[in-house]
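Close look at the chain arrangement
Each chain, letter by letter, is given below.
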Amino acid sequence: MSKVSVIKTSDYSSDTLKKAVENHFELLGLDKFIVPGAKIVIKPNLLLKSNPEDAIITRAELVREVILKLKSLGAGEIVIAESPGGLYNKTRLSSVYSASGYDSLTDIEGVSLNFDISSAVKAVPDGKLMHEFEILSPIASADLVINICKLKTHSLTGLSGSVKNLFGTIPGLAKPEFHFRFQNQDDFCNMLVDLARCVKPAFTFVDAVYSMEGEGPSGGTPIYTGLTLASADIYALDRTLVDLAGFTVEETPIVKCEIERGLAPQALSDVELVGDGSEMIGKYSFKKPETCDIGFDSKAPKIFRKPWRYLKTKLFTPKPAVERKICIGCGRCAETCPAKTIKIVDKQANISYDSCIKCFCCQEMCPVRAIYVKRFSIFKL
């Protein structure tokens, strides 16, 4: 039975986080993964340039305490590597690192921020849809990868947790290409699982002091959860996050896929929860993304399922829409749109729905939250 540690973590102060990280290492025996002198890459969630208090990114304060613990165990060079949404270049990286407070981490000896924008191919021996990925070079060559994600809802996968966070190992605008290639939700989730099998992080921490509910991963609302979590089993950890958020497996396609592939436990009872925060699992009820499926497909009589799927696809499927009064015409949505269906006209984003694949990359990357999920009004009653 896989073990997941859940620790009450009331705030982002150094003392609180240090104690939490120490507890996670002790409860899970994570010391055994650290070989003296090993080159370690930390993969946080730095989706876009944002205020840390908006709960979009992994807080630098947590990353700092993990680094200090690794250093105390004899870790060698530590590199922080991430490919934010949009262009993957030194200017974008510098901007995101600075806004997120990650610049301050380089005052620790042997710690650096990644500016190497090259990539390398790495095989997936047991991939279902993918047999290799082109990922960030420092991650491909690391002795050890440590995943530090942010707990958020997600408009496509239900939740953004340990497996979803690894999508940031794909460089820049190659990510929208995967959205275009794998337009089916199940296929996209299976691709993410293949990627997790490729990257194979040694263990994962979850920043859930403040999480995000609603229209995640960038347009939602912060929710105080007061926890950090960790595990060497990313799939058991994701399964735990489902119950933490108050979701069902059916409402989290990424975890449903992990279970179907025999990687994640089917029930939370199959996970060994340790730590003083375990009692909080099941106490929250996150607001779900508008794009969560309403479940009629499987519940309706068979005779109605086919026509319902047609109507849902043509008329009722949620789609991205632009709030004209907020849009600043920056072009970030057009830049990241895999179907190239967005154009900036008169300093406003315009979406052509004929070719829109409803991946919601535009909503995810809008820096001013001008793009929202539009849903047929009957489902809001």
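Now for a description of the structure that goes with this document. (Residues numbered from 1 in each chain as written. Predicted model: local features only at pLDDT ≥ 70, side-chain atom pairs only at ≥ 80, totals over all residues. Heavy atoms only, no water.)

Between the first and last C-alpha of helix H1 (residues 14-28) there are 21 Å, a value that for 15 residues agrees with the 21 Å anticipated at 1.5 Å per step. Of all the residues in H1, the buried ones are Thr16, Leu17, Ala20, Val21, His24, Phe25 and Leu28. End-on view of H1: buried residues confined to an arc of 160°, all on one side of the axis. Exposed residues on H1 whose side chains face more than 90 degrees from its buried face are Asp15, Lys19 and Glu26. (Helix = DSSP H or I, 4+ residues; strand = E, 2+ residues; numbered from the N terminus. Expected span 1.5 Å × (residues − 1). Buried < 20%, exposed > 50% of the residue type's maximum accessible area, 1.4 Å probe, protein only. Arc of directions from axis to C-beta.)

Using the criterion set out here, one finds 11 aromatic pairs in the structure. When the centroid spacing of 6.5 Å and the interplanar angle of 25° are considered together, the rings of Tyr12 and Tyr210 count as stacked. On the criterion of sequence distance, the pair formed by Tyr12 in the loop between strand E1 (3-8) and H1 and Tyr210 in strand E9 (residues 203-213) is long-range, its members being 198 residues apart. With relative accessibility at 11%, the residue Tyr12 sits in the buried group. Members of the aromatic cluster, joined through ring pairs, are Phe133, Phe167, Phe178, Phe182 and Phe188. Directly above the aromatic system of Tyr12 lies the positively charged group of Arg59, at a separation of 4.1 Å from the ring centroid. Taking NZ or CZ as reference, Lys319 lies 4.3 Å from the ring centre of Tyr353, over its face. (Phe/Tyr/Trp six-rings, centres within 6.5 Å; stacked < 30°, edge-to-face > 60°. Lys NZ or Arg CZ within 6 Å of the ring centre and 35° of its normal.)

One can describe the packing of helix H8 (residues 234-245) onto helix H9 (residues 253-260) by two numbers: an axis separation of 10 Å at closest approach and a directional angle of 135°. Between H8 and H9, the crossing angle belongs to the class labelled oblique. The crossing of H8 and H9 is left-handed. Mapping the contact onto sequence places Tyr235, Asp238, Arg239 and Val242 in H8 and Val255, Glu258 and Ile259 in H9. (Axes fitted to C-alpha atoms, helices over the stretch in contact; angles between N-to-C directions. Parallel < 35°, antiparallel > 145°, perpendicular 65-115°, else oblique. Left-handed = near helix turned anticlockwise from the far one by under 90°. Contact = heavy atoms within 4.5 Å.)

Moving on to the state of the cysteines. Counting across every chain of the model gives 0 disulfides. In this structure Cys327 is a free cysteine whose sulfur lies 6.3 Å from that of Cys333, the closest cysteine sulfur available. No disulfide involves Cys330; its sulfur sits 6.1 Å from that of Cys366, the nearest cysteine. The class for Cys330 is partly exposed, based on a relative accessible area of 45%. (Disulfide = S-S within 2.5 Å.)

In this structure, the amide linkage connecting Gly216 to the following residue, Pro217, adopts the cis form with an omega of 15°. For Pro217, the position within the fold is in the loop between E9 and strand E10 (221-231). Positive phi outside glycine occurs at Lys347, with the angle close to 60°. The topology assignment puts Lys347 in the loop between strand E13 (342-345) and strand E14 (348-351). Lys347 sits in the exposed class, given a relative accessible area of 67%.

Take the pairing of E13 next. Note: E13 against E14, 4 bridges, orientation antiparallel. Looking at E14, one finds that Ile344 is bridged to Ala349. Taken together, E13 and the strand that follows it, E14, pair antiparallel across an intervening segment of 2 residues, in which Asp346 is found at a positive phi of about 50°. (Pairing = 2+ DSSP bridges.)

With the rule as written, the count across this model stands at 12 salt bridges. Two residues, Arg59 and Glu61, come together in a salt bridge whose shortest N-O distance is 3.0 Å. (Salt bridge = Lys/Arg side-chain N within 4 Å of Asp/Glu carboxyl O.)

So, about the nonpolar core. Nonpolar side chains tend to gather and get buried jointly when the protein is soluble and globular. Ranked by size, the top nonpolar core spans 100 residues in total, and within it Leu70, Phe133 and Leu229 carry the most contacts. Once residues lying within four places of it in the same chain are set aside, the contact partners of Leu70 are Phe25, Ile34, Ile40, Ile42, Ala75, Ile78, Ile146 and Phe203. In terms of nonpolar packing, the next biggest core, distinct from the first, is built from 17 residues, Cys333, Cys337, Ala339 and Cys359 among them. (Core = buried A, V, L, I, M, F, W, Y, C linked by side-chain atoms within 4.5 Å.)

With respect to the helices, strands and loops of the structure, Lys256 is situated in helix H9. What makes Lys256 partly exposed here is its relative accessible area of 23%. Sequence-wise, Lys256 and Asn190 are 66 residues apart; in three dimensions their C-alpha atoms are separated by 9.9 Å. Those residues in contact with Lys256 that sit more than four places away from it in its chain are Val249 and Glu250.

Turning next to the environment of Val6. Tracing the backbone through its elements, the reader meets Val6 in strand E1. On the accessibility criterion, Val6 (0% relative accessible area) is buried. When the C-alpha atoms of Val6 and Gly277 are compared, they prove to be 4.8 Å apart, with 271 residues separating the residues in sequence.

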